[in-house]
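A structural walkthrough
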Amino acid sequence: MAASDHQPSSTTTLLTDGTITHTHHQHGETQHVARPGEADTQAPYSNTQTPPSTINHGTNNITPYTPPTDVISIFVVTFDSKEGNVLEWYMPQELALEGIEFRALISGAHTITSDFIFFRQGDYYGVACYEKLTIISDVERGARMKSIGVIVSNYYAIHQHLEYLAQQVRNMVVKPGDYSGLEEYYLSRKASIPSSWDTPQKVTHQLLPPTVIHNLTPVLGEGIFHLVKFFGEQLIILWKATLLCKRILLFSPPPIGPVCGRVHSISLLSAHSTPGLPTQLLRPLFYISIADMDLLQEQHSYVACTTEKIFEEKTGVCDIYVENQSVRIPGILRRVLVVTPEDRKRLASLHHIARSSHNCIVDFRRFFQDLNNQIFSTLYHICNSDSAVMKDKDIGAIGLNPRQDKAFVRELAMTHGFDLTVSKASWMCCPCNS
């Protein structure tokens, strides 16, 4: 993992007298946190308090806050020393949450103290916050680990629940078993259970408005400047792979939250508004585990992340395996996914956007949307022409390399059903042969 991904570690410990200590390992200092029930002005709000983000602080004409009704389910997952990951509590009881205990509590969570996880549950998205508390207990083997999460009907507002979930899981590891606040949160925000919950539907998403993309950035976007710097030329490989609807899996040791951000950013690389094509070429699955093998085998294309190294050997469920900055491409794709001089100019433009744009996530998405629209529009035009032949000059006109990108253009046409022929490479110098 890049140096910028490492953060100072810390350990929270529950002592036998009920005192909690929080140790920052970077400096070796120990900070006292209030005992349960002790006055503490810095303590998180209680289960029954309104999250700070929901309070109107205006001095005049305070408008009552109406929370969004987008929570399909709320749940608590815990690690049991005998049974492993367990779904401890959830609402509503009639909803089946198969596999949620493995999506909301990641493999390797014991190595970290906190994290957040995005995942898919059926055709809907969920988010969970994780916390580990070191305790003096033989039953729990010295550590209490829990995740609290929600499944929502509106992916684009999912970030609004993070602050509340993070606070509640901190409270829950200290005082487990009290679900009253979670129940109240669910009842004030509950959405009706979708009729399609047990019947997978074809997923299509509308194009994200710029304001929505910007709102998701603090949660899922680690920063476009960092993303471009982190992947470098490999970002071009990932862009072309998303257009070809490949299956992309990112591996990283915990924490997985920042990697969920990369999944989100990679899913934006295939943005387009071309009529006749699916609005979403690549399905973001976010965190997956070995328990999701059946799900992955059903996927035509996706981008996901995992903390389980065993997926490096499961070549049948992913086309491209990414570990840190290393993008591993199987031999058959290496001649298709290449970085050309034109791509390096594109990357330089992205660096400029990342450094200078005030709202670079929106500009980042627009950059690829405009580029993808130009490519797909040209393929439509050539497909409907009399000759239906894409020549070198046509490839060059859309910013691709007439020689090195031929295999990519052929694969792109086949992937999306464009009935055209890409002209064979010409080794003559005369430009009239293009």
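Residues numbered from 1 in each chain as written. Predicted model: local features only at pLDDT ≥ 70, side-chain atom pairs only at ≥ 80, totals over all residues. Heavy atoms only, no water.

**What to know about the overall build of the protein**
Here is the rule: For helices the rule is a DSSP run of H or I covering at least 4 residues; for strands it is a run of E covering at least 2, with both sets numbered from the N terminus onward. Relative accessibility thresholds used throughout: buried, under 20% of the residue-type maximum; exposed, over 50%; partly exposed, between the two (1.4 Å probe, protein chains only). Any pair of residues with heavy atoms lying within 4.5 Å of one another is described as a contacting pair.
Looking only at helices and strands, the protein has 13 helices and 15 strands in total. Put simply, the protein has 434 residues, and 54% of those count as buried. In the protein, the share of contacts with a sequence separation of at least 24, taken over all contacts with a separation of at least 6, comes to 64%.

**Brief notes about the packing of aromatic side chains**
Stated precisely, the cut-off is as follows: Stacked, tilted and edge-to-face are the three classes applied to pairs of Phe, Tyr and Trp rings, where Trp contributes its six-membered ring and a pair requires centres within 6.5 Å; stacked means planes under 30 degrees apart, edge-to-face means over 60, and tilted covers the rest. Placement of a positive charge over a ring is assigned whenever Lys NZ or Arg CZ falls within 6 Å of the ring centre and within 35 degrees of the normal to the ring plane.
Summed over the entire model, instances satisfying the criterion amount to 16 aromatic pairs. With a centroid separation of 5.7 Å and an interplanar angle of 45°, the aromatic rings of Phe118 and Phe286 are classed as tilted. Remark: Phe286 occurs in strand β10 (residues 284-287) and Phe118 occurs in strand β6 (residues 114-121); sequence separation between them is 168 residues. The class of Phe286 is buried, set by a relative accessible area of 0%. Three or more aromatic residues joined by ring pairs form one cluster here, namely Phe116, Phe118, Tyr125, Tyr155, Tyr156 and Phe286. In this arrangement the basic side chain of Arg120 is found over the ring face of Tyr125, its NZ or CZ atom lying 4.4 Å from the centre. In this arrangement the basic side chain of Lys240 is found over the ring face of Phe408, its NZ or CZ atom lying 5.5 Å from the centre.

**Here we look at the side chain of Arg346**
Going by this rule: In protein, a polar contact means a hydrogen-donor-capable atom and an acceptor-capable atom, both N or O and within 3.5 Å, with residues adjacent in sequence counting only if both atoms are side-chain atoms; elsewhere, any N or O pair within 3.5 Å suffices.
Topologically, Arg346 is positioned in helix α10 (residues 341-356). Among the residues examined, Arg346 registers a relative accessible area of 9% and is labelled buried. Polar side-chain contacts of Arg346 include one of 2.8 Å to the side chain of Asp343. If we skip the residues at most four places from it in the chain, Arg346 touches Trp239, Phe367, Leu371, Gly399 and Leu400.

**Thoughts on the pattern of salt bridges**
Note the following rule: Each reported salt bridge corresponds to a side-chain nitrogen of Lys or Arg within 4 Å of a carboxyl oxygen of Asp or Glu.
Considering all chains together, one arrives at 16 salt bridges under this definition. For Arg283, the salt bridge goes to Asp123, with nearest N and O atoms at 3.1 Å. On the criterion of sequence distance, the pair formed by Arg283 in the loop between α7 (257-268) and β10 and Asp123 in the loop between β6 and β7 (124-135) is long-range, its members being 160 residues apart. Accessibility classification places Arg283 together with Asp123 in one group, the buried group. The partner of Lys406 in a salt bridge is Asp392, with the nearest N and O atoms 2.3 Å apart. Linking Lys406 in helix α13 (residues 406-416) with Asp392 in helix α12 (residues 392-397), this pair joins segments that are 14 residues apart in sequence.

**Focus: the environment of Glu312**
Take Glu312: it is sitting in the loop between β11 (302-306) and β12 (320-323). Distance from Glu312 to Arg328, taken between C-alpha atoms, is 9.9 Å for residues 16 residues apart in sequence. For Glu312, the contacting residues outside a window of four places in its chain are Tyr321, Glu323 and Arg328.

**Examining the side chain of Glu101**
Rules: Counting rule for charge: Lys and Arg are taken as positive, Asp and Glu as negative, and neither His nor the chain ends is counted.
Inspection of the secondary structure assignment puts Glu101 in helix α1 (residues 100-103). No salt bridge is formed by the buried Glu101; the nearest opposite charge belongs to Arg103, separated by 7.0 Å. The contacts of Glu101, once residues within four sequence positions are left out, are Val77, Asn85, Val86 and Leu87.

**Details of the pairing of β7**
Filter applied, for reference: Note: two strands are recorded as paired if DSSP finds a minimum of 2 bridges between them.
In terms of burial, β7 is largely enclosed, as eleven of its twelve residues are buried. With eight bridges connecting them, β6 and β7 associate as antiparallel partners. Following the sheet pairing, Phe116 is matched in β7 by Cys129. What sits between the antiparallel neighbours β6 and β7 is a turn of two residues, in which Gly122 has the positive phi angle 65°. The sheet contact formed by β7 and strand β8 (residues 143-152) spans ten bridges and is antiparallel. Bridge pairing in β8 places Tyr130 opposite Ser147.

**A closer look at the packing of helix α2 (residues 162-174) against helix α3 (residues 180-189)**
What describes two packed helices is the angle between their axes and the distance between those same axes. The test is simple: Each axis is a line fitted through C-alpha atoms, and for a helix only the stretch in contact is used; angles between axes span 0 to 180 degrees, taken between their N-to-C directions. An angle below 35 degrees is read as roughly parallel, one above 145 as roughly antiparallel, one from 65 to 115 as roughly perpendicular, and any other as oblique. By convention, the crossing between two helices is left-handed when the near helix turns anticlockwise from the far helix through less than a right angle, and right-handed when the turn is clockwise. Basically, the charged four are Asp, Glu, Lys and Arg, the nonpolar ten are Ala, Val, Leu, Ile, Met, Phe, Trp, Tyr, Cys and Pro, and anything else, Gly included, counts as polar.
Contact geometry of α2 with α3 gives a least axis separation of 11 Å together with a crossing angle of 160°. When the axes of α2 and α3 are compared, the pair comes out roughly antiparallel. Pair α2 / α3 crosses with left-handed handedness. Of the residues in α3, those touching α2 at Tyr164, Gln168 and Met172 are Gly181, Leu182 and Tyr185. Grouping the amino acids of the contact of α2 with α3 by side-chain chemistry returns four nonpolar, two polar and no charged.

**Quick notes on the nonpolar core**
Keep this limit in mind: Among buried residues, the Ala, Val, Leu, Ile, Met, Phe, Trp, Tyr and Cys ones that are joined through side-chain atoms within 4.5 Å form a nonpolar core.
Ranked by size, the top nonpolar core spans 111 residues in total, and within it Phe75, Ile248 and Phe364 carry the most contacts. Ranked by size, the runner-up nonpolar core spans twelve residues in total, among them Phe251, Met293, Tyr302 and Phe311.

**So, α2**
Our working definition: Each helix should span, by expectation, one fewer than its residue count multiplied by 1.5 Å.
Here α2 contains 13 residues, and its C-alpha end-to-end distance of 19 Å stays within 8% of the 18 Å for a straight helix at 1.5 Å per residue. Extensive coverage of α2 is indicated by the burial of ten of its 13 residues. Among all positions in α2, only Leu162, Tyr164, Leu165, Ala166, Gln167, Gln168, Val169, Met172, Val173 and Val174 are buried.

**A few points about the confidence of the model for the protein**
Regions with low pLDDT should not have their predicted coordinates read in detail. Which entries qualify depends on this criterion: The quantity known as pLDDT measures the predictor's confidence residue by residue, on a range of 0 to 100.
Mean pLDDT over the protein works out to 82, with 76% of the residues at or above the 70 mark. The weakest mean pLDDT in the protein belongs to strand β3 (residues 29-33) at 38; the strongest belongs to β11 at 98. Below a pLDDT of 50 lies the segment residues 15-22, which in the model reaches 29 contacts outside its immediate sequence neighbourhood of four places, other chains included.

**Structural notes on the environment of Glu131**
For Glu131, the position within the fold is in strand β7. When the C-alpha atoms of Glu131 and Arg144 are compared, they prove to be 8.3 Å apart, with 13 residues separating the residues in sequence. Setting aside anything within four residues of it in sequence, one finds Glu131 in contact with Thr113, Ser114, Arg144, Met145, Lys146, Val169, Arg170 and Val173.

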